[in-house]
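Residue-level listing of the chains:
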Amino acid sequence: MPQGPYSDKVMDHFMNPRNMGEIEDADAVGEVGNPACGDVMKLYLKIEDNKIVDAKFKTFGCGAAIASSSITTELIKGKTVDEALKLSNEAVAEALGGLPPAKRHCSVLAEDALKNAIEDYKKRKGLT
Amino acid sequence: MPQGPYSDKVMDHFMNPRNMGEIEDADAVGEVGNPACGDVMKLYLKIEDNKIVDAKFKTFGCGAAIASSSITTELIKGKTVDEALKLSNEAVAEALGGLPPAKRHCSVLAEDALKNAIEDYKKRKGLT
Amino acid sequence: MCYISNMKRTYFDHASTTPVDRTVLDAMEPYFIEHFGNPSSILLEEGGIPHQVVDESREKVALLIGAEKDEIVFTSSATESNNLAIKGLALGNKNRGKRILFSDVEHYSVINQTDFLRGIGFEIDFIRVDNDGLLDMDDLKRKVTENTILVSLMHANLEIGTIQPVQEVASFLKERNILLHSDGAATCGIIPVSVKDLNVDTMTISPHQFYGPKGIAALYIKKGVRVASLIQGGYQEMGYRAGTENVPAIVGFGEAARVAMEEMEKRAQHLTSLSKLLREGITSSIDYIHFTGHPTQRLPGHVSFWIEFVEGESLLMWLNLNGVASSSGSACSSNVLAVDETGLKASHVLTAIGVPPEICHGSITFSLGKDNTMEEVEHVLSVMPGIVKRLRDMSPLYEAFKKTGKRG
Amino acid sequence: MCYISNMKRTYFDHASTTPVDRTVLDAMEPYFIEHFGNPSSILLEEGGIPHQVVDESREKVALLIGAEKDEIVFTSSATESNNLAIKGLALGNKNRGKRILFSDVEHYSVINQTDFLRGIGFEIDFIRVDNDGLLDMDDLKRKVTENTILVSLMHANLEIGTIQPVQEVASFLKERNILLHSDGAATCGIIPVSVKDLNVDTMTISPHQFYGPKGIAALYIKKGVRVASLIQGGYQEMGYRAGTENVPAIVGFGEAARVAMEEMEKRAQHLTSLSKLLREGITSSIDYIHFTGHPTQRLPGHVSFWIEFVEGESLLMWLNLNGVASSSGSACSSNVLAVDETGLKASHVLTAIGVPPEICHGSITFSLGKDNTMEEVEHVLSVMPGIVKRLRDMSPLYEAFKKTGKRG
Ligand SMILES: Cc1ncc(COP(=O)(O)O)c(C=O)c1O
Ligand SMILES: Cc1ncc(COP(=O)(O)O)c(C=O)c1O
C-alpha cells in the first residue's frame, strides 16, 4: 500500500498514543499552543531526583501534533531534566521517521511544551 | 459514417467532376482567381443562338472550388445567356447541398467565372 | 496509510471526486485506439467520427443546463473554466470598467486569481455572506459601483452545501449591465440547472463530480458575451480554447451528462433520504455539534458540520481508519503536502460564515453519492461517537471545558 | 466522408495525433473506477494510490528528457504548456524587460499569443529562418536587445520536420541572461532529448504524439526559473497549475514515456528506413516536386513537400479517398470549418522558408509511425502519381505552363 503523508511511526503514535492522559500530582505541567491555530499541547511530568520518572500528555491537534506529543513522552522518560532540555524538535521529527514540511511546527510545539514544563518545574523548585 | 465538412453532393462533384476539360473552339472563355490565393477557375462556353450548348471547365483549387465549377457547368447548360447571368453564388452553393462558411468564396468564384465568360462572349459579339 | 486493510470503504467524499460510471468508461473506450483521430482533421476519414462525437457531446452537455450547443466550450477542468470565465470576461470587457466582485465563499479557483488580476490592472473586492452562507444582498448593493464589470457567485459551495440565490443576483446585476459568472461545479449534473432561468453570462460545469472523467470540464458562454481566450493556439472550441480536443474525455462527459439528466430525480431522492438519516443520527449521538450551511437551500446528500473540542484532521483520519472517506475544511488536512505552513490557514469559507476560529478547528463534509447505502450511513453513525469521545478524552481543551465550563 | 468504405487505412499523420498504445491504455484503466480517488486527498486511503502513481509518472516523464522530477508540471495539452511557458515566463520576469522573440516557424500555440501579450504590455518580434527552416542566427543577434527577456524556439517543426539548433541558441542567450522556451511537442518521446544539454529554461512535452493519451502534456521548468501560473486555484502541481489531477491520463503519459524511451532507437531506425524509401519513390515518380525542411537535421519518419500545379487540399482529399491519411499546410484544409475566410491564409511556415505563394498551394506532410509498414509505403507510392496527374490535368495553371513554359 502506498504511504500517505505520514510515516508509519507517525501513524502508529497517532493510533496508539503512548502515555496519553493526566498526571494528577504532576511535578511540572507545560501547556503551549493556541486554539485559534488549531494545536494545543499539555505535558505533565513526574520528576524525582532531577529525573523524569513519568510523563503524560493531552493534545488537541492534527495527527502530527498527537504523534509528536506521544513520542516526546517516550523520549524523555528516564532522562534527567538537563538531558531532556537538549531534546530538539529535529530529534522529535526524526524519531517519528520525519514529518511533512508543512507539519514541522508540530515537533516545534512538542519541544516548546517540554521546555515550558521544565520551566514550570524549575519555578516550583525555586531554581530560576 | 459521419459527414465530413462537405456534403455528399460536393464530394460527388469533386470525385466525378462533370464537363471537365477544354473547348478548343469556345465562343467564350472566362478565367478568374489568383494563384497566390490558391484558386483559379477557367470556364469555356459554346454558345449558339444565345444559348449555352456546351460548357467545360478547368479548375485549380480545393474540393469546394472543383465542385463549384463542376456544378456550374451543369446548371448553365441549355440556358440562354441572360438566364445564365441570373445564376447567383447562393444558387451554386445550394445546388451543392451547401458549403462550409469558409468555402463560400468558391461559389462566388464560380459565379464570377461565368460572368467573366459571358462578358467575353459579349465583347466578341460586339455587344458591349 | 492503509492500516486496516481489506476493510470495506464507505465513500462519502463525492464532492471531491467520483468514480467514473461503467457506462461512461464504456462510451470512452473506442476513442483511445479505434477512433483515435484528431477531430480537427475533418478532411480525413480518421477525423470524421471524432469530430462527430465531440459535436454530440457538446449537445448533451448543453441539454443538461438548458444551453445551446454553441454556447458550450470544453476546457480541462472546473479550475480552468473558472479561470477562463473570470480572466476572459475581465479582459474581454476591460474597456467598460476594472472592478470585479467575488463572493466570500468562492472556490480557490476563483479567489486565487486575485493576484493575477490585480497584476494586470483590475480591482477585486469581496461580498459577504450570512451565517448560512447565502450572499448578503445589501453588501452586494453597497459594493457595486459604476466601475464594476463582473461578479462571481458560485451556484453552490461544496464545503457547506449552500445553494446561492443566483437568479435574484442576476436580475439585480442585469439592470446595471454587470456580468455574472457562476461556478456550477457543485450543482450541474446534480440538481436541475437552467442557465436561461439563472440568467448567468458564464457557468462552469465539471463532470468528475457526477461520475464523468477528470481532465475535462466546460464553460457555458452565453451567446453575445465577450470572453477573451486564456489559452491561444489552433482554432478549436470556436476560438475560445485552443488545443487538440481530448476526445475520449469529451465523450465521457457527454455520456455522464446524459445519464445524470435521466437519473437526476431518482438520485436526488435517494441522497436526500440518506443524508436526512445521517444528519439525524449524528445530531442525536454527538453533543456540541454545529451543522454548517443553509438548512434547506442546500445540495442533496450533503452533510457538513464542525464539532467542538475536536480537530478536523484527526477526525478525518480516524474516520478514514474506520473505512470512511470524508473531507475536511480543516486548516491542516487540505494542504498537508504544502511546501511550508502558509497553506495552513483556517478555511476561508468557515471564516466567512462567522464560525469562531478559536472554537472551531475544521469542519467535516460528508458528500454522499448515488451508490451509497443505508448500511453505510449506519456504519458511519456507529463509529462517529467513539471517535469523537476518543479525541475529546485526549484534548486539553475539553478537559478545561469540563472543569471550568468555558470554551476557547 | 467515407466513400471507399472498408478500405484499409494507411495512417501517415502521426504528427497530428497517434493512437494510444494498448499497454498505455491498460495502464490507465484502473484509475477510472477502481482507484478513482483525488490525489490531493492524501489523508484518505482513496487518495493514496492516485497520489503515488502521479508521482511515479512525473518521474518517468522527467527521465524521458533528463530532468528532475520536481521540474515537471502536468498540463492539459502542448498548447497549454506553450501558453504557460510563454505567458508565465513573461509575467514572472516582467521586471527585467518587455521584449519577447518568437521564431518565424513556431506553432500557432506560440504565435497566436501575440495579441494577448501585447495587450498586457509586452512587445513581440519574430526571428527569421533560412530556406531549410533553421533559425537565422544573424537575425537573432540583430533582434536581441537589452530589453529582451525571452525567446521561443521550437525543437522541431511538424510541418517541415526541421530540428532547430536549440543548444547553440541557448548558449548565445545564456550569456545575455535571456530565457529560452522550446516547444518539444514534435521531438520529446521521438528523438533523444536532454533538457540539460539543450540548456533550455522551459520545454513542452506532449504524449499524444508518441502513443500516449490526449488531454495531458507537461512543461519542464528548470529549477530556479520564475514562471507565473496561468491557471490559479488549489495547490496542485507545486502551485504552477491548479485543478484536480487527471490521474488516468497522467498514468498513461508516464507509461507512454517509459515505452518511448525503451523503444526509441528501434522506432527511429524503422521510421528512417521507411521514410527514405518513401522519399526516393516520390522523387522518382513525380516531377516538379519540392521537399521542405532540412535534408538531414529532421525528424525521423517525416517527409514533407509541395508539388507544383497541385493544390494541397485536393491532394490531401484524394489521398484520403485512396486510404491514406496525411496532413497539409494548405491554406484551405487546416481551417475548413472556420467561421469565415480569415483562417485561409497560406501557411506561415511555408512563407517563412521562402516558398513562393504564387507557385506553392499547400504542402503535404507524411509523418510515419512505429506501426507503419513497407506495404503501406508502397501503397502510397502506387497512388500518388495518378492523383497528381488527375489534378494537373484539371488545372488551368498546368495547361498554361505546358503551353508557355511559364509558372504562376
Ligand atoms: C465549487 C468548485 N469549483 C471548482 C472546483 C475545482 O475543480 P477541479 O479541481 O476539478 O478543477 C471545485 C473542486 O472541488 C469546486 O468545489
Ligand atoms: C510543435 C507543436 N506544438 C504544439 C502543438 C499543440 O498541440 P496540442 O494541440 O495537442 O495542444 C502542436 C500540434 O500539433 C505542435 O505540432
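Residues numbered from 1 in each chain as written. Chains lettered and ligands numbered in written order. Predicted model: local features only at pLDDT ≥ 70, side-chain atom pairs only at ≥ 80, totals over all residues. Heavy atoms only, no water.

1. Thoughts on the overall build of chain A
Broken down by element type, chain A carries 5 helices and 3 strands. Reading the helices (α) and strands (β) of chain A from amino to carboxyl end gives α-β-β-β-α-α-α-α. Here the C-alpha radius of gyration of chain A, 14 Å, is about what a compact globule of 128 residues would show, namely 14 Å. Reported as C-alpha extents along the three principal axes, the dimensions of chain A are approximately 50 × 30 × 25 Å. Restricting to contacts in chain A with at least 6 residues of sequence separation, those with at least 24 account for 60%. Accessible surface, chain A: about 5,200 Å² in total, of which carbon and sulfur atoms supply 45%. Averaging the coordinates of the 17 positive side-chain charges in chain A and doing the same for the 20 negative ones gives two points 0 Å apart. (Helix = DSSP H or I, 4+ residues; strand = E, 2+ residues; numbered from the N terminus. Rg over C-alpha atoms; globule rule 2.2 N^0.38 Å. Contact = heavy atoms within 4.5 Å. Areas by Shrake-Rupley, 256 points an atom, 1.4 Å probe, with all protein chains shown as cover. Lys, Arg positive; Asp, Glu negative; His and termini not counted. Charge placed at Lys NZ, Arg CZ, Asp CG, Glu CD.)

2. Section: the overall build of chain C
Helix and strand content of chain C: 14 helices and 13 strands. What you see for chain C is a C-alpha radius of gyration of 22 Å, in line with the 22 Å of a compact globule of 408 residues. The principal-axis extent of the C-alpha atoms belonging to chain C is close to 75 × 55 × 40 Å. In chain C, which comprises 408 residues, the proportion classed as buried is 66%. (Buried < 20%, exposed > 50% of the residue type's maximum accessible area, 1.4 Å probe, protein only.)

3. Focus: the confidence of the model for chain A
On average, residues of chain A carry a pLDDT of 92, and 98% of them reach 70 or more. Looking across chain A, the model is least confident in strand β1 (residues 28-34) of chain A, with a mean pLDDT of 92, and most confident in strand β3 (residues 51-60) of chain A, with 96. (pLDDT = per-residue confidence, 0-100.)

4. A closer look at helix α13 (residues 374-393) of chain C
Because each turn of an α-helix spans 3.6 residues, side chains separated by three or four positions end up pointing in the same direction. Compared with the 28 Å implied by 1.5 Å per residue over 20 residues, the 30 Å span of α13(C) between its first and last C-alpha is a close match. Turning to α13(C), its buried residues are C:E376, C:V377, C:V380, C:L381, C:V383, C:M384, C:I387, C:V388, C:L391 and C:R392. (Expected span 1.5 Å × (residues − 1).)

5. Comments concerning the relation of the copies chain D and chain C
With an RMSD of 0.0 Å, the operation that places chain D on chain C is a rotation of 180° combined with a shift of 0.0 Å along the axis. This pairing of chains is accounted for by a two-fold axis. Of the interface residues in chain D, 100% have counterparts in chain C that sit at the interface too, so the contact is made through matching surfaces. (Least-squares fit on C-alpha atoms with pLDDT ≥ 70 in both.)

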